[in-house]
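# Fold and contact review
Take a look at the letters that make up each chain.
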Amino acid sequence: MKQFFKVIPVFFLLAILFASCSKKNDEGKMIPANALFVAHIDMNSMNKKLSWSEIKEMDWFKKMNSDSSAPKWAKKMLENPEASGIDFDKSLLAFGVKGESDKYYIVAEGTIKNKDNFEQFNKNFDPSEAVKKIGDVNVLTLKDKNVVGWKGDRFAYVMNSFVTAAEMYDINNDSENPADLKNGNANLGAYCASLFNLKSDSSLASNAKFGDLMKEKGDMHFWNNNSEIIKNVPNMGMLGMLKLDMFFKENYGATTINFEDGKIEMDQKFYSGKELTDFLKKYKGSKINSDMVKNIPSQNVMGLFAMNFKPEAIQELIKLTGTDGFVNMFLKDMGVSLDDLSKANNGDMMISISDVELKPDTSILKSLDGNSMISGAAPGFNFLFSMSVKDKASFQKISNALQKVGGQMGADSLVNIQLNDKYFTISNHKDFADKFMSGSQNNQFDFVSKLNSNPMGFYLDLHKLFTVISGERMSGPEIKSVIDQNLKIWDKVSMTAGDMKNDAFNAHSEMTFIDQKTNSLKQLNSYLNEMYKFNEARKENNPNQDNLDSILTPPTIDTVKFK
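Attention here is on the structure that accompanies the text. Within each chain, residues carry numbers counting from 1 in the order of the written sequence. Residues qualify for local features only when their pLDDT is at least 70, as the model is predicted, and side-chain atom pairs are given and counted only at 80 or more; totals for whole chains, interfaces and linings, by contrast, use all residues. Neither water nor hydrogens contribute to the side-chain values; these are computed over all heavy atoms in the structure.

This part covers the overall build of the protein chain. Helix and strand assignments follow DSSP, with helices taken as H or I runs no shorter than four residues and strands as E runs no shorter than two, numbered in order from the N terminus. Regarding its fold elements, the protein chain presents 23 helices and 18 strands. Remark: exposure states derive from per-residue accessible area (1.4 Å probe, protein chains only) relative to the maximum for the residue type, with buried under 20%, exposed over 50%, and partly exposed in between. Expressed as a percentage of its 563 residues, the buried residues of the protein chain come to 47%. A contact between two residues is defined here by any heavy atoms of the two lying within 4.5 Å. A fraction of 72% describes how many contacts in the protein chain between residues 6 or more apart in sequence connect residues 24 or more apart.

Right under this line is the structure:
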């Protein structure tokens, strides 16, 4: 197995998560303007929240460091990453980009602190390779598939993203054409060298939106160029026939993540071309209808999505895509028009899931052998979809069309449709819908205050979710231990969105933890270590099930206990 691939992924992953950085305004000067995505890590901030010494105390680290087959130089780097010559008081960047000949590259960039140590660190991967000069850039091939280049105090690793797992780890890799490898290395080397001499207008240094992202205070920054990503989709199929340019033209995403005490915060900005920006400004909503949310007839809400929008936006958006003729034809057969969709509602919409529990299911199912019979468990919950009514006659047409498509629903079928002067509602239980439609509820939910001043809001109670699946009915002590660990750490997720500021569509998300006093990065570190220990215990008890995926897969129901 190649020593490079054994160490570099772990080394860079840990370095990204746990070292330190200083932000500059020129972070984009070695990143091509057409980069598909960029990840930037503020290492200085990260290291203050979780130090390398804390990482070294983790069980998985101790096991990796005790590997007697690992070369001495690799263990030295794990003990002290700065022995690599990399400056962990500076930024670390990673990005994906389309290079020459339709090749896609993954690039990692950073700053060199000690040039001699850096050169020796990289030569360890293949002592037979020599440093070559491409112009004024030093380039070194790293075991067949990758190269590293450096000039002054800057370095760049370039990797071909289409390398297969077998090639990466030298598994049955004897059939490779040496000439292809040589040409591939030469192309990677030339591309790597070109990054050090990018002109300003060919790099992200000239992109003001990327520059604004780099100025945001954050532990991590992510940039995605959706226009470029869509441009490289080989076959859009039927979508290519639609007028979708407005959705993808000059479409960028800018995300800032902060690990705070007891929570992770994420701020996002979405940019688009003038046509879509003007549309969003004109038709964006105001505030979600908090009265509608408070009217949910339950104190046990697990998940909710609510939004407010201008109803005429539906018709205008369909027209902009050029599909209004097709949609009108389809709706006509159902007795509905685009005008009905726009006129029917006030622009308030809500979806909720509440009262989730596992209930014994008395239905009989055939087992795989076709003879024995088993019983199981089914989730019980209340689902509610509701919109506020503006024009009841138009909504009646929509309701009739839905019932025509769905057939005649029983009194308590999976789909119950109701309509009055105030609400249009779909629910899986008639009595639940009846209570909502009465409008007599006034429940006070703690999450409403976080959501109600925005056009869009989302809420999910993770702790309730894990509580539901944590009972004795879940099979296997190891599975229960994993669920219990999740109960100890995860609390809630919330998101608000819809405001327009400086021509950007803004969103803010929070993931809260049960422990509100400890930094979330430290908690994640401990959580991942617990998952590692669970996996190690599982491998000891079940040698044929030796991967973490088997733990994280949703657990099965122990049906025997229901008999």
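Attention shifts here to the packing of helix 12 (residues 274-283) against helix 14 (residues 312-320). Direction vectors running N to C along helix 12 and helix 14 enclose 165°, while the axes themselves pass 11 Å from each other. For the element pair helix 12 / helix 14, the angle class is roughly antiparallel. Seen from above, helix 12 lies across helix 14 with right-handed handedness. Where helix 12 abuts helix 14, its residues Glu-275, Phe-279 and Tyr-283 lie against Glu-312, Ala-313, Glu-316, Leu-317 and Leu-320. To obtain each axis, a line is fitted to C-alpha atoms, and for helices this fit is confined to the stretch in contact; angles are then taken between N-to-C directions over 0 to 180 degrees. Every angle not falling under 35 degrees, over 145, or within 65 to 115 is termed oblique; those three ranges are roughly parallel, roughly antiparallel and roughly perpendicular. Crossing handedness: left-handed means the near helix sits turned counterclockwise from the far one by under a right angle, and right-handed means the same turn made clockwise.

A separate point is the pairing of strand 15 (residues 423-427). Of all five residues that make up strand 15, five are buried, and the element is covered over most of its length. Alternating residues of strand 15 divide into Tyr-423, Thr-425 and Ser-427 and Phe-424 and Ile-426, and every residue in both groups is buried. Note: two strands are recorded as paired if DSSP finds a minimum of 2 bridges between them. Of the strand pairs in this sheet, strand 14 (residues 416-419) and strand 15 are connected by four bridges, and their pairing is antiparallel. Note that in strand 15 the partner of Asn-416 across the bridge is Ser-427. If you look at the hairpin formed by strand 14 and strand 15, you'll find three residues sitting between the two strands.

Our focus in this paragraph is the pattern of salt bridges. Any carboxyl oxygen of Asp or Glu within 4 Å of a side-chain nitrogen of Lys or Arg constitutes a salt bridge here. Applying the stated criterion across every chain yields a total of 21 salt bridges. Residue Lys-274 pairs with Asp-278 through a salt bridge whose shortest N-O separation is 2.7 Å. Note that Lys-274 and Asp-278 are positioned in helix 12 at a spacing of four residues, about one turn of the helix. Residue Lys-274 is classed as exposed on the basis of its relative accessible area, which comes to 63%. Here Asp-278 falls in the partly exposed class, since its relative accessible area comes to 35%. As a salt-bridge pair, Lys-319 and Glu-316 come within 4.0 Å of each other at their nearest N and O atoms.

On to the side chain of Ser-352, then. Along the chain, the position of Ser-352 falls in strand 12 (residues 345-366). Of the residues examined, Ser-352 reaches a relative accessible area of 0% and is grouped as buried. Not counting chain neighbours up to four residues away, the residues in contact with Ser-352 comprise Ile-296, Gly-303, Leu-304, Asn-382, Phe-383 and Leu-384.

Two aromatic rings, drawn from Phe, Tyr or Trp (for Trp, its six-membered ring), form a pair once their centres lie within 6.5 Å of each other, and the interplanar angle then sorts them: stacked below 30 degrees, edge-to-face above 60, tilted otherwise. Within the structure shown, the criterion is met by 20 aromatic pairs. A ring pair is formed by Phe-155 and Tyr-157, whose centres lie 5.6 Å apart and whose planes are at 75°; its orientation type is edge-to-face. The pair Phe-155 / Tyr-157 is uniform in exposure class, with both members buried. An aromatic cluster of three or more residues is present, and its members are Phe-118, Trp-150, Phe-155 and Tyr-157.

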